[in-house]
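# Survey of secondary and tertiary structure
These are the residues of each chain, in order.
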Amino acid sequence: MDLIQAFKFIILLVLSSSALGNETDAITNKHPTNTTSKQLLITERINFIPRDYVRFEDSYYKYHQDPQTWNEARQICEAEGAYLIIINSEEEAQFLLRLMNQYPDAVIDDKSCDKHDVFVGFHDLFQEGQYVTIDGKSIRSSGYVHWEPDQPDNWQGNENCGTFSRYPSSGLNDRFCNCPLTYVCEIPLKSC
Ligand SMILES: [Ca+2]
Ligand SMILES: [Ca+2]
């Protein structure tokens, strides 16, 4: 090995050592030794969040642009380890509004019955007029019951599935379950 080759070898050694150090730091940051078991569970849970979910406070959310019936939307959310969004506060409703506004009419499939509405996780399928969330609680106990004007109206005696509208005013509505709409799935960190 001549002098130039020896010099290149030393440079390579230094670079390799530096790269390994960075990788080790990344692993250490991912699983810090002083992390509590609950924090570690949440960290591991985050690693399993499906693609395209975005975080707001204690949940992750995904806006699905492909319109589906309410029941199909519910099942797709469940298949992703999520549930059809349950709105629990005005803040969460405002976040949902901002999320929906990122998807203008032009990017939503024309099969949507209303490009201003998304399906959310409540219904009155069990008893007319008794609105419950998909986890079986009364909508009042969810913490957010802000209906659009003149809603719910059970239009044509057959509106039983929950929506949230972004236009003309934001709020809840009851709509036909089988008329396809876009929808939002939610994965709460609290379920860890
Ligand atoms: Ca109804
Ligand atoms: Ca209605």
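For the structure, check the block above.
Keep in mind that what you see is a predicted model, and the values were worked out from it rather than measured. (Residues numbered from 1 in each chain as written. Chains lettered and ligands numbered in written order. Predicted model: local features only at pLDDT ≥ 70, side-chain atom pairs only at ≥ 80, totals over all residues. Heavy atoms only, no water.)

### Here's the deal with the nonpolar core
As a reminder, the rule being used: Only buried residues count toward a nonpolar core, which is a set of Ala, Val, Leu, Ile, Met, Phe, Trp, Tyr and Cys residues joined through side-chain atoms within 4.5 Å. The classification of residues rests on relative accessible area computed with a 1.4 Å probe and restricted to protein chains. Under 20% of the type maximum is buried, over 50% is exposed, and intermediate values are partly exposed. For the purposes of this entry, the term helix denotes a DSSP run of H or I that reaches at least four residues, the term strand denotes a run of E that reaches at least two, and both are numbered from the N terminus. Here, residues are in contact when the closest pair of their heavy atoms is within 4.5 Å.
Judged by nonpolar contacts, the single largest core of 23 residues is most densely connected at I87, L96 and F164. When residues of this core are traced back to their parent elements, those giving at least two are strand 2 (59-68), helix 4 (90-101) and strand 4 (117-123). Residue contributions to this core peak at six residues, all from helix 4. In contact with L96, not counting residues within four places along its chain, are I85, I87, V118, V120, F164 and V184. With 16 residues, the next largest nonpolar core counts I49, L84, I187 and L189 among its residues.

### A few points about the coordination of the calcium ion (ligand 1)
Heads up, the condition is: Metal coordination here is assigned from N, O and S atoms located within 2.8 Å of the ion, or within 3.2 Å for Na, K and Ca; omission of water means that sites may look incomplete.
Those donors, D124 (OD), D124 (OD), E128 (OE), E128 (OE), N154 (OD1), E159 (O) and N160 (OD1), are the protein atoms that reach the calcium ion (ligand 1), and they lie 2.3 to 2.7 Å from it. Ordering the donors of the calcium ion (ligand 1) by residue number gives the pattern D-x3-E-x25-N-x4-E-N. Pair noted here: E128 is in the loop between strand 4 and strand 5 (132-133) and N154 is in the loop between helix 5 (139-142) and strand 6 (161-165), with a separation of 26 residues, a long-range link. Here N154 falls in the buried class, since its relative accessible area comes to 17%.

### Focus on the side chain of H64
Rule in force here: Each polar contact in these results corresponds to two N or O atoms within 3.5 Å; when the atoms are within protein, one needs to be able to donate a hydrogen and the other to accept it, and residues that are neighboring in sequence are counted only if both atoms are side-chain atoms.
Structurally, H64 is set in strand 2. On the accessibility criterion, H64 (9% relative accessible area) is buried. At 3.3 Å, the side chain of H64 and the side chain of E80 are in polar contact. Setting aside chain neighbours within four positions, we find H64 in contact with I76, E80, T182, Y183 and C185.

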